[in-house]
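Report on the structure
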Amino acid sequence: MSSLSSHRVAAILLGCSITLAIPVGAEPPPEPDGGEVDWRGLERMDETGKTIRKDKPEASPVERLVQNAPYRVQVATSDATSIRITDAYTLERSRIYAGDNVHGYAFSGDGAWLYAVVAAKATGKAHVVEVLAIEVQTAQQRRLGRITLASGESLVHVEGGGDESELRVIVSFGVGKGSEASTGCARWSKVRRLRLRQKNGAEPRQETLEQPLQLRDGLRRKSVSPNTRIRLELGSGLIAHGRFGSTEQLRLDRDPVPKHAVGLAWMRDSKGVFVGVRRSAQGACDERLGGRFYRQPEGRGRGWDAWDVPSDVRLVRGDLQGAGPDWAPDGMRMVGVQDGKIVLVEPAPRFRGKVAVIAGSSAHWPQIRPGVRSLAVGAGALRHTEILLEQGDLEGAAERLERDGPSGPAAERKRLAARLEKLRAVRARRAPEFGVADCALSSRPCAAAPAPPSKDEAPADKAETGNAAPAAVDPARAAE
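The structure reproduced in this document is the subject of the present report.

What counts and how
Per chain, residue numbering runs from 1 following the sequence as it is written. Totals for whole chains, interfaces and linings use every residue, but because this is a predicted model, local features are given only for residues with pLDDT of at least 70 and side-chain atom pairs only at 80 or more, for both listing and counting. Only hydrogens and water are set aside; all other atoms, that is, all heavy atoms of the structure, feed into the side-chain values. Simply put, an axis is a line fit to the C-alpha atoms, just over the touching stretch for a helix, and the angle between two N-to-C directions goes from 0 to 180 degrees. Put simply, DSSP marks the helices as runs of H or I at least four residues long and the strands as runs of E at least two long, and each gets a number from the N terminus on. Any angle between 65 and 115 degrees counts as roughly perpendicular, while under 35 counts as roughly parallel, over 145 as roughly antiparallel, and the rest as oblique. With the far helix as reference, a near helix turned anticlockwise by less than a right angle produces a left-handed crossing, and one turned clockwise produces a right-handed crossing. Here a residue-residue contact requires only that any non-hydrogen atoms of the pair lie within 4.5 Å. Ten residue types, Ala, Val, Leu, Ile, Met, Phe, Trp, Tyr, Cys and Pro, are classed as nonpolar, four, Asp, Glu, Lys and Arg, as charged, and the remainder, Gly among them, as polar. Joining through side-chain atoms within 4.5 Å is the link that ties buried Ala, Val, Leu, Ile, Met, Phe, Trp, Tyr and Cys residues into a set, and such a set is a nonpolar core. Burial classes follow relative accessibility: with a 1.4 Å probe on protein chains only, a residue under 20% of its type's maximum area counts as buried, one over 50% as exposed, and anything between as partly exposed. The term salt bridge refers to a pairing of a side-chain nitrogen on Lys or Arg with a carboxyl oxygen on Asp or Glu at a separation within 4 Å. Any two strands with at least two DSSP-identified bridges between them are counted as paired. Nitrogen and oxygen atoms within 3.5 Å of one another constitute a polar contact, given that in protein one can donate a hydrogen and the other can accept it, and given that sequence-neighbouring residues count only through two side-chain atoms.

1. Re the packing of helix α3 (residues 383-390) against helix α4 (residues 394-404)
- Packing of α3 against α4 leaves a shortest axis separation of 8 Å and a crossing angle of 165°. Taken together, the axis directions place α3 and α4 in an arrangement best described as roughly antiparallel. Relative to α4, α3 is oriented so that their crossing is left-handed. Where α3 approaches α4, its residues His384, Thr385, Leu388 and Leu389 are matched on the opposing element by Leu394, Gly396, Ala397, Arg400, Leu401 and Asp404.
- By residue class, the composition of the contact of α3 with α4 is five nonpolar, three polar and two charged.

This is the structure in structure tokens:
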């Protein structure tokens, strides 16, 4: 008997054995009704071969949780003489540099180092700057070199790079009118670029680059979704094209695409897209970039919901041609500036709304730390509690801790309870800084009560006085 015949016989016998295993007269498994998930596929065919589309079930609380986890969002800001790292979720803050005037900074690609350009010490010259590499984990510093500025020159841009084996940063200087610190507008000319590097702890090197400063906004007219299922095209509307043999086309925008749209960028979960929009020029500034987010609705309907970034929220500096907004490591949110304060822009918000204040004013544009870190280190029944805690949902975490705590290890319960109290104290300090009631930072609605008056300056904390000392732990977990 040939091998092909053997296979056919085996298949027939297997089919018979399965048939005999079903009791005579037994009814077939029931079809899922409209309120259940059909795990055999959300797209099915009827008897004529036509596809029957079923609406996706509403997102569960766990799905929303996974949407934000396991990423942290950390942001570097400066008051011109110090640099702080802020956790955008828990609002914890840690100072990693304090001393001479800060001109600008940027993270390395892995987020382990922050390159800072500061005024040089004891030179006797007013136009000498020093480039430092600051290890974020410990606040330890390495000096990469000094640069003498020409008459009228200012720092334009810092581009961090390198890895564990090599520190590498490119700094650009130019001549311009105005500055980011004062007006947010400048026209740069005579831009020169220098690269400083240090490999394996050897003597730092400095070299001049001939290539001009070129920035990319990350926006495209056509782009494939992160899950590779859709190719989206920006024209008079947002047209989604099916892939992998599908010829289906679908227009996603119920609300028309803005007139001055320049490109799009996908959100990480493939359920949302950002459309960049050029705003009108303001005086000597380049046209600022605004935007509109389109998000797939959880309910019925094919068109995606639109949300415009408020006109008073700045997503880019405005003085760097070609610069675009920076995504957080999770690819789900951005950081901007509103009314002089640093805000987290969340098209799919956790609980504080789509624009939430996370830090006070900064003398320089906020920089997002690119290193991706886990939100939770625990395991078992209390892991859900810790994820909620590290996302800033202290109320939800407290409820979970009370419910799941008895089944978890005693050491974990003690650790999370202490962490909860610590974050409550941090939030109590941030509320008066932001000029809001404490409940405005919580995941539960505020009762009708007047908010405390806004303060221009944050209250002085003992952790912020004196000279900066190396941090013993990660800034995300260092209380201020």
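The structure having been displayed, the exposition proceeds.
2. Focus: the nonpolar core
- Grouped together as the largest cluster of nonpolar side chains are 19 residues, with contacts concentrated most on Val73, Leu91, Val335, Ile342, Leu344 and Ile358.
- Breaking this core down by element, the ones donating at least two residues are β23 (334-338), β24 (341-345), β25 (355-359) and α5 (410-434).
- Residues Val129, Ala133, Leu194 and Leu196 belong to the second largest nonpolar core, which totals 18 residues.

3. Focus on the environment of Gly218
- With respect to the helices and strands, Gly218 occurs in the loop between β13 (205-209) and β14 (222-224).
- With relative accessibility at 43%, the residue Gly218 sits in the partly exposed group.
- Through-space distance from the C-alpha of Gly218 to that of Trp327 is 9.8 Å; in sequence the pair is 109 residues apart.
- Leave out the neighbours within four places in its chain, and Gly218 touches Leu264 and Ala265.

4. What to know about unusual backbone geometry
- Of note in the backbone geometry, Leu91 takes a positive phi value of approximately 70° without being a glycine.
- Looking at where Leu91 falls in the secondary structure, it is placed in the loop between β4 (82-87) and β5 (93-98).
- Of note, Ala139 is a non-glycine position whose phi angle comes to about 70°, a positive value.
- Structurally, the position occupied by Ala139 is in the loop between β8 (128-135) and β9 (141-148).
- Exposure remark for Ala139: the relative accessible area of 9% places this residue in the buried category.

5. Side note on the pattern of salt bridges
- The tally for this structure, following the rule as stated, stands at 32 salt bridges.
- The partner of Arg419 in a salt bridge is Glu92, and the shortest N-O contact between them spans 2.8 Å. Taken together, the residues span a long stretch of sequence, with Arg419 in helix α5 and Glu92 in the loop between β4 and β5 at a distance of 327 residues.
- We note a salt bridge from Arg278 to Asp217, for which the minimum N-O separation is 3.9 Å. Of this pair, Arg278 sits in strand β19 (residues 272-278) while Asp217 sits in the loop between β13 and β14; the two residues are 61 residues apart in sequence, bridging distant segments of the chain.
- One network of salt bridges, in which partners are shared, links Arg72, Asp87, Glu92, Glu390 and Arg419.

6. Section: the sheet that holds β25
- Across the sheet, which stays open at both edges, the four strands sit in the order β22-β23-β24-β25 with antiparallel pairing between neighbours. Sheet topology places β22 (313-314) and β25 at the edges, where each strand pairs with a single neighbour.
- As judged from the two bridges shared by β22 and β23, these two strands associate in the antiparallel manner. Residue pairing across strands places Arg314 opposite Val337, the latter belonging to β23.

7. Some remarks on the side chain of Ser78
- By the secondary structure assignment, Ser78 is in strand β3 (residues 74-78).
- Of the residues examined, Ser78 reaches a relative accessible area of 2% and is grouped as buried.

8. As for the pairing of strand β16 (residues 238-242)
- In the sheet, strand β15 (residues 230-234) pairs with β16 via five bridges, with the strands oriented antiparallel. By the bridge assignment, Glu233 is partnered in β16 with Ile239.
- A loop of three residues connects β15 with β16, the two strands running antiparallel in sequence.
- Across three bridges, the pairing between β16 and strand β17 (residues 249-251) is antiparallel.

9. Concerning the packing of α4 against α5
- Across the interface, α4 lies against α5 with an axial gap of 11 Å and an inter-helix angle of 160°. The angle between α4 and α5 falls in the class roughly antiparallel. Note that α4 runs across α5; the crossing there is left-handed. Touching Leu394, Glu395, Ala398 and Leu401 of α4 are Arg413, Leu416, Ala417, Leu420, Leu423, Arg424 and Arg427, all from α5.
- Among the residues forming the contact of α4 with α5, the class breakdown is seven nonpolar, no polar and four charged.

10. Topic: the environment of Asp110
- Along the chain, the position of Asp110 falls in the loop between β6 (102-107) and β7 (113-119).
- Of the residues examined, Asp110 reaches a relative accessible area of 35% and is grouped as partly exposed.
- Sequence separation of Asp110 and Pro370 is 260 residues, and the distance between their C-alpha atoms is 6.1 Å.
- Within the structure, the side chain of Asp110 is placed 2.7 Å from the side chain of Ser108, a separation counted as a polar contact.
- Within polar-contact distance, the side chain of Asp110 engages the backbone nitrogen of Ala112 at 3.0 Å.

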